[in-house]
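Structural description and commentary
Spelled out, the chains give:
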Amino acid sequence: MAEADTARATLPTPGPHPTGPARVATVLAHIEAVRDRPRRGLDDADFTPDWSDRPSPHTAHPGAEEFPLPTACPADGVGSLADAVTYAPSGTAAERGDPGLTLRSFAGALHLTAGILSRRWQIDWNGDAARRARLRTAAWGRGTPSGGANHPWELYWVPAPGLPLAPGLLHYASGRHTLERLATGDATPAIRAALPAHTPPPTGGYLICTLRPWKTAFKYGNFAYHVATHDMGAFLGSWNLLRRAAGDPAPAVLDFDERAVNRVLGLDPGEESAYAVLPLAWHPDERRTPLPGTTPPPAPAGGGPGRPRPREKSRSPRSFPLLNALRHATTGDRPPTTPAATPPTPPPTAPLLPLPPAVIPGAGLAGLLSRRRSAVGRLDPRTPLTAEDLAVVLRSAAAAGELPLVRLRVIAQRIKKIKPGSYEYRPEQHALLPTGSTSRLAPHDYALDNYAVAHAAAVIAFTWRPAPVLDALGAHGYRAAHAEAGAAAQHLHLAAQALGLACGLVLGTDLRAVDHAVTDPADGEDELRTSLCAFLAPRLPGTATLDDRLV
């Protein structure tokens, strides 16, 4: 690795009314700055996280009316990993046997994907076991992973009239597993007006996912938006698995009028902003037609002085210029909606290596989400990975959205029946395509002490091609690609959990080195970029852990 350059990276900053090309230039510059992060930092040399001023991982609104929710229960039958991965649409949701959500199943889905599921403690390579043994600094597990366990997303429900809770705006308080009422009145027409015209009106209203970058930026600084956008994708992946298993997938809407949705939610875009909208289908037995005049009018946009405000635990929230430049470049007006213009998959340039059939485990999703745990270095360096297990995790990751933007690359280090080398996973043929690269990751290509590169039987790289994607979708394509990569990573992680494998989604890899290892310049792949990596191997036997599960 080259000597670190103490000069901080800089980005072209869009003006107050940036054009499409200016926004794209900012995004491309940030992608290259992240690739150079091990050599040329994104932050000032003296930046260190102030752990005493850490924001709360659970946002709350003091004074808001609260509605306790039923906890998730594995006996509720939320479906299995096999149900979700092998789901194939046919007919309407009612014809497939799933007429929609109920308040109980909705609460269970919130709990499994975003709520607290257990208290966790283990001796591992993070070296924080003594601190985690204290209640004040304990680790509380959730079904969806997050970089640094910061969970920068927030969830808001805008219910339609006639549901068990009166229409309005409700925030999911993950720390207490309750819904906080922030406003009354039917806001679904305003949300629908902000969505593309082809979006059908939902019977259950909308679940709106937002990002609060400061929850991640306090630790990662200007790198935080890269982390947080993948975290949001991981949540969408968890939600997608549950809904696919139920036979009623809910694709997230990412192309909407963000400013209009922020006005409905009463958000300050400098602190928090809408990222995705999930239309919800509701069970007809829990829907009633409201009597005329019984639905209160929607609250004024922005909420007004009477709306409960979130409590900010941090005394001195900071601003980060590179993060702000990227956030402004990728937000704003409704982006183009032409997915057909995304780059096609190039034809194979070498013989394909067929993978064994993927036999997806029938493990229940509720159990997988409640037991999900990062490997934190517990990778067995002696036992190879089997080709059968690799086939399962790759097939599961591909179910995150059929990977129209993101492609999986595999650096095989110890896999039975597969020669060491670099491969591209082709989900259409369920096969590996050798890339021709002869490079390998070196020990110093991972910067932290909690994993060893050599212990990974396989390194999975989530890659995309920024130039053609941004050309087709505009700067907003950055958010779409990262959301897809995060969702695919969560699918892969849960499949590894079901197989008993160790899996770690890692942020400390040298992405430029990974790009070099998974591509062959002779194939014209200079534009390929890795956004996220996973280390995969059999789990090291023997561990000292405590998993006090609430679900």
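The model shown is predicted, which means the values in this text are computed figures rather than measured ones.

Below, the discussion takes up the confidence of the model for the chain. Of all residues in the chain, 87% have pLDDT values of 70 or greater, and the mean over the chain is 86. Within the model, the stretch residues 1-6 combines pLDDT values under 50 with 11 contacts to residues more than four positions away or in other chains. In this model, residues 336-340 is a region of pLDDT below 50 whose contacts with residues beyond four sequence positions or in other chains number six contacts.

One pass over the structure, following the stated rule, counts 22 salt bridges. We note a salt bridge from Glu312 to Arg212, for which the minimum N-O separation is 3.3 Å. With Glu312 in the loop between strand S8 (273-279) and helix H9 (321-330) and Arg212 in the loop between strand S7 (206-211) and helix H6 (214-220), this pair connects stretches of sequence that are 100 residues apart. Residue Glu312 is classed as partly exposed on the basis of its relative accessible area, which comes to 32%.

Burial analysis of helix H8 (residues 258-265) places six of its eight residues in the buried class, the great majority of the element. Burial in H8 covers these residues: Glu258, Ala260, Val261, Asn262, Val264 and Leu265. Residues of H8 that are buried in the fold lie against strand S4 (153-158), strand S5 (168-173), helix H5 (188-194), S7, S8 and helix H13 (477-499). Sitting at the head of H8, Asp257 places a side-chain oxygen 3.3 Å from the backbone nitrogen of Arg259. Just beyond H8, the residue with positive phi is Gly266, at close to 70°.

For the rest of this paragraph, the subject is the sheet that holds strand S11 (residues 421-426). Here seven strands make up an open sheet; going across it, the order is S9-S12-S11-S10-S13-S15-S14 and the pairing antiparallel. Of all the strands in the sheet, the pair left with one neighbour each is strand S9 (353-354) and strand S14 (501-506). Summarising the sheet, strand S10 (residues 407-412) and strand S13 (residues 458-464) pair through six bridges and their orientation is antiparallel. Paired with Ile411 across the two strands is Val459, which belongs to S13. The strands touched by helix H14 (residues 511-518) within the sheet are S10, S11, S13 and strand S15 (529-538), with S15 carrying the most contacts at an inclination of about 80°.

Let's shift gears to the packing of aromatic side chains. For the structure shown, the criterion picks out 15 aromatic pairs. Ring centres 6.5 Å apart and planes at 65° place the aromatic pair Trp464 and Tyr478 in the edge-to-face group. Of this pair, Trp464 sits in strand S13 while Tyr478 is found in helix H13, placing the two residues 14 residues apart along the sequence. The class of Tyr478 is buried, set by a relative accessible area of 1%. Ring-pair connections join several aromatic residues into one group, and the members of that group are Phe106, Trp153, Trp157, Phe235, Trp239 and Trp282. The ring of Phe223 carries Arg37 above its face, with NZ or CZ at 3.7 Å from the centroid. One cation-aromatic arrangement involves Arg479 over Tyr275; the distance from NZ or CZ to the ring centre is 4.3 Å.

Rules behind the numbers
- Residues numbered from 1 in each chain as written.
- Predicted model: local features only at pLDDT ≥ 70, side-chain atom pairs only at ≥ 80, totals over all residues.
- Heavy atoms only, no water.
- pLDDT = per-residue confidence, 0-100.
- Contact = heavy atoms within 4.5 Å.
- Salt bridge = Lys/Arg side-chain N within 4 Å of Asp/Glu carboxyl O.
- Helix = DSSP H or I, 4+ residues; strand = E, 2+ residues; numbered from the N terminus.
- Buried < 20%, exposed > 50% of the residue type's maximum accessible area, 1.4 Å probe, protein only.
- Polar contact = N/O pair within 3.5 Å; in protein donor to acceptor, adjacent residues only side chain to side chain.
- Pairing = 2+ DSSP bridges.
- Axes fitted to C-alpha atoms, helices over the stretch in contact; angles between N-to-C directions.
- Phe/Tyr/Trp six-rings, centres within 6.5 Å; stacked < 30°, edge-to-face > 60°.
- Lys NZ or Arg CZ within 6 Å of the ring centre and 35° of its normal.

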